[in-house]
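# Topology and contacts: notes
Spelled out, the chains give:
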Amino acid sequence: MAHKSAFDHFADKTWNFLGVATQISFFGLKKLKFKSFEFWLSFLISVGSIEVAIILLNKFLKETLMSVDNLMVQILARKVLSWPYWLQTLLLALAIGVLYSLVRGFKDFKLYSRFQKAIERTGLKNAQGDVPKIKSIETNAENQMKIVIESMGVGLSKVESQKDSLTAGFRQTVDRIQLNKDKGKIDIFLVKEELPQRIGFYDLYKNIKEPYSFIVGQGLQGPIVQPIRSLPHLLISGATGGGKSVFFRSTILSLLKSSPHIQMYLLDLKRGVEVKEFASLPNVKTCKDEKEAIHFLSLLVAEMNRRYIFLENKGLKSIDPQRDHLDLIIVGIDEAAALFGKKTNEIARKHIAELARLARASGIHLIPSTQKPVKEAIDTETLDNLPGRMTFRMISSAASNVAMGGNFAKKLPAIKGRAVWTHGSEHCEVQAPFIDDNILEAELKSIKNEFDQGIRKNFQELLKIEDNDKPLPATEKSNQKDVN
């Protein structure tokens, strides 16, 4: 094979340079907003300014050309000056435009090149050896960047498995990875800031603006608050010591504080150790053993059915506490596996599954908490009806996969309160709020005082075991009379 000549080497380098320059210019041109009125106004003003400058420059050069000794310069200058003004203006505008696009696009080109190399180093390839290609890099917010890649047939789960390698290669934290609206593309979201290792309850509670809401935690994009009515059920899971119990209590307190008309039924088979502080409130009922818990689950199923009859009679789709004068009901279950796992009570398991499947429209919401959300502890049918997941650090990949459909919870750092928030198909790493016993005690005392002073009132009395066969509460009957 013949060696390349010096000219060939020069030509190759020239083409490579032009190719890189073209790419840089392309990144610069993408920053221009061609569809905006402001762009075209600026363009016309710039062209007009260039033409005025050309006219003045022509006059100046014609006057100074005679003093130039170099004959070639004189000939070249006269040739250029003989061109019409519009052609000179066009050429100068093109030159300025190319220079501008090179300057504007250089930074983005460097970023694109670095990110593309980071993707290549992860070893992500399809069966034909094609590597995913970056299609665009967008800045969505002050603290967030979105990289859109052409997946080239590489699946979402495969890209997610390289999250740590991508974080190292991008030198920015990968917040989440998800499918683009165009299914052949994948979105990778980056953030510059790290999550705090600890954040207080009050630092986040101030972000609650809507009643019947609770604090999820601090995400990389800011505080996350979730209305329970649009969730509608929440599964809390994680290994011992990860912050699961603290989050359970924080969630219950958030809902109590933010909800004007709410009833709480807290089921804790560890003799009520985790929920004993809440028992003093007039709108909270705690259950300490299996027999009592099953009785209340039966009452709740009966209440759900009565509310569905109410909705049917009224021609409504769901309960609105303010409109229907019926309290929102929260059923918190600490260490749920002890109550309705595969090896425990069949009745409890049946009631929980029914409530998870049907209770949303009736204004009844479940918040079970468990160490291991595996099928031996919670029925698959029940799990499928718990769309909200707060998953703290897991010891095993199997538990993480069941809890959130991925291995993310096992890879969480060993920071108490660090969890993965899942709502639907989206995953987001968060730092859950911390609340100490003194704050919890003070808040519960404040809520109790509001009931004592008549500032807070429930529409219904709390359910009692002997109420199992009673019709819908008197408040509903009075509502029906009012409407009729």
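Let us look at the overall build of the protein chain. Of the regular secondary structure elements, the protein chain holds 16 helices and 14 strands. Summarising the internal contacts of the protein chain: among those between residues at least 6 apart in sequence, 65% fall at separations of at least 24. Within the structure as shown, the protein chain displays about 25900 Å² of accessible surface, and the carbon and sulfur contribution to it stands at 57%.

Structurally, Asp327 is set in the loop between helix H10 (321-324) and strand E10 (328-334). Among buried charged residues, Asp327 stands out as having no salt bridge; its nearest opposite-charge side chain is Arg307, 5.9 Å away. Looking at Asp327, its side chain comes within polar contact range of the side chain of Gln263, at 3.0 Å. With residues near it in sequence (within four places) discarded, Asp327 still touches His261, Ile262, Gln263, Arg307, Gly363, Asn458, Phe459 and Gln460.

The tally for this structure, following the rule as stated, stands at six aromatic pairs. Pairing Phe201 with Tyr202 gives two aromatic rings, centres 5.7 Å apart and planes at 75°, and the pair type is edge-to-face. A centroid spacing of 6.5 Å and a plane angle of 80° characterise the contact between Phe214 and Trp421, whose relative ring orientation is edge-to-face. Taken together, the residues Phe214 in strand E5 (residues 213-219) and Trp421 in strand E13 (residues 418-423) connect sequence positions 207 residues apart. Per residue, the accessibility class of Phe214 equals that of Trp421, and both read buried.

This part covers helix H8 (residues 244-258). Taking 1.5 Å per residue, 15 residues should reach 21 Å; H8 reaches 21 Å between its end C-alpha atoms and fits that length. Here H8 lies mainly inside the structure; 13 of its 15 residues are buried.

Attention shifts here to the pattern of salt bridges. Overall, the coordinates contain 12 salt bridges when judged by the stated rule. When the shortest N-O distance is used, the salt bridge between Asp437 and Arg249 registers 3.2 Å. With Asp437 in helix H15 (residues 437-452) and Arg249 in helix H8, the pair connects residues that are 188 residues apart, well separated along the chain. Given the relative accessible area of 49%, Asp437 is considered partly exposed.

Residue position: Asn126 is located in the loop between helix H4 (85-121) and strand E1 (133-141). In this structure the side chain of Asn126 is engaged in a polar contact, spanning 2.7 Å, whose partner is the backbone oxygen of Met152. Apart from residues lying up to four places away in sequence, Asn126 is in contact with Met152 and Val154.

Moving on: the nonpolar core. With 43 residues, the main nonpolar core has Leu256 and Met390 as its most contacted residues. Not counting chain neighbours up to four residues away, the residues in contact with Met390 comprise Val216, Leu234, Leu235, Ile236, Ser237, Phe247, Ala419, Val420, Trp421, Val430 and Ala432. Of all hydrophobic cores here, the second largest spans 29 residues; its members include Ala293, Ile333, Ala336 and Ile364.

When the terminal C-alpha atoms of H15 are compared, their 22 Å separation across 16 residues agrees well with the 22 Å that a helix rising 1.5 Å per residue should span. For H15, the full list of buried residues reads Leu440, Glu443, Leu444, Ile447 and Phe451. Along the axis of H15, the buried residues cluster in a sector spanning 95°; they form a single face. Exposed side chains of H15 directed beyond 90 degrees from the buried face belong to Asn438, Glu441, Lys445 and Asp452. N-capping of H15 is provided by Asp436, with a side-chain oxygen placed 3.3 Å from the backbone N of Asn438. Immediately downstream of H15, the backbone of Gly454 shows phi near 80°, a positive value.

Here we take up the sheet that holds strand E12 (residues 388-392). Note: strands within a sheet are paired through backbone hydrogen bonds, in either parallel or antiparallel orientation. Read across the open sheet, the 10 strands follow the order E6-E5-E14-E13-E12-E7-E11-E10-E8-E9; overall the sheet is mixed. Where the open sheet ends on each side, the last strands, each with one partner, are strand E6 (222-227) and strand E9 (284-287). Averaged over all pairs of adjacent strands, the angle between their axes in this sheet comes to 25°, without regard to strand direction.

On to unusual backbone geometry. A cis geometry characterises the amide bond from Leu231 onward to Pro232, with omega recorded as -5°. Residue position: Pro232 is located in the loop between E6 and strand E7 (234-237). Backbone geometry at Arg171 places phi at a positive 60°, although glycine is not the residue there. Here Arg171 lies in the loop between helix H6 (163-170) and strand E3 (173-179). On the accessibility criterion, Arg171 (62% relative accessible area) is exposed. With phi around 50°, Glu335 is a residue other than glycine that occupies positive phi space. Examined against the element boundaries, Glu335 turns out to sit in the loop between E10 and helix H11 (337-340).

The next point concerns the environment of Arg198. Structurally, the position occupied by Arg198 is in the loop between strand E4 (185-191) and helix H7 (201-205). On the accessibility criterion, Arg198 (57% relative accessible area) is exposed. Between the C-alpha atom of Arg198 and that of Arg418, which follows or precedes it by 220 residues, the distance is 8.7 Å. With residues up to four places along the chain from it excluded, the contact list for Arg198 reads Gln431 and Phe434.

What counts as what
- Residues numbered from 1 in each chain as written.
- Predicted model: local features only at pLDDT ≥ 70, side-chain atom pairs only at ≥ 80, totals over all residues.
- Heavy atoms only, no water.
- Helix = DSSP H or I, 4+ residues; strand = E, 2+ residues; numbered from the N terminus.
- Contact = heavy atoms within 4.5 Å.
- Areas by Shrake-Rupley, 256 points an atom, 1.4 Å probe, with all protein chains shown as cover.
- Buried < 20%, exposed > 50% of the residue type's maximum accessible area, 1.4 Å probe, protein only.
- Lys, Arg positive; Asp, Glu negative; His and termini not counted.
- Salt bridge = Lys/Arg side-chain N within 4 Å of Asp/Glu carboxyl O.
- Polar contact = N/O pair within 3.5 Å; in protein donor to acceptor, adjacent residues only side chain to side chain.
- Phe/Tyr/Trp six-rings, centres within 6.5 Å; stacked < 30°, edge-to-face > 60°.
- Expected span 1.5 Å × (residues − 1).
- Core = buried A, V, L, I, M, F, W, Y, C linked by side-chain atoms within 4.5 Å.
- Arc of directions from axis to C-beta.
- Pairing = 2+ DSSP bridges.
- Axes fitted to C-alpha atoms, helices over the stretch in contact; angles between N-to-C directions.

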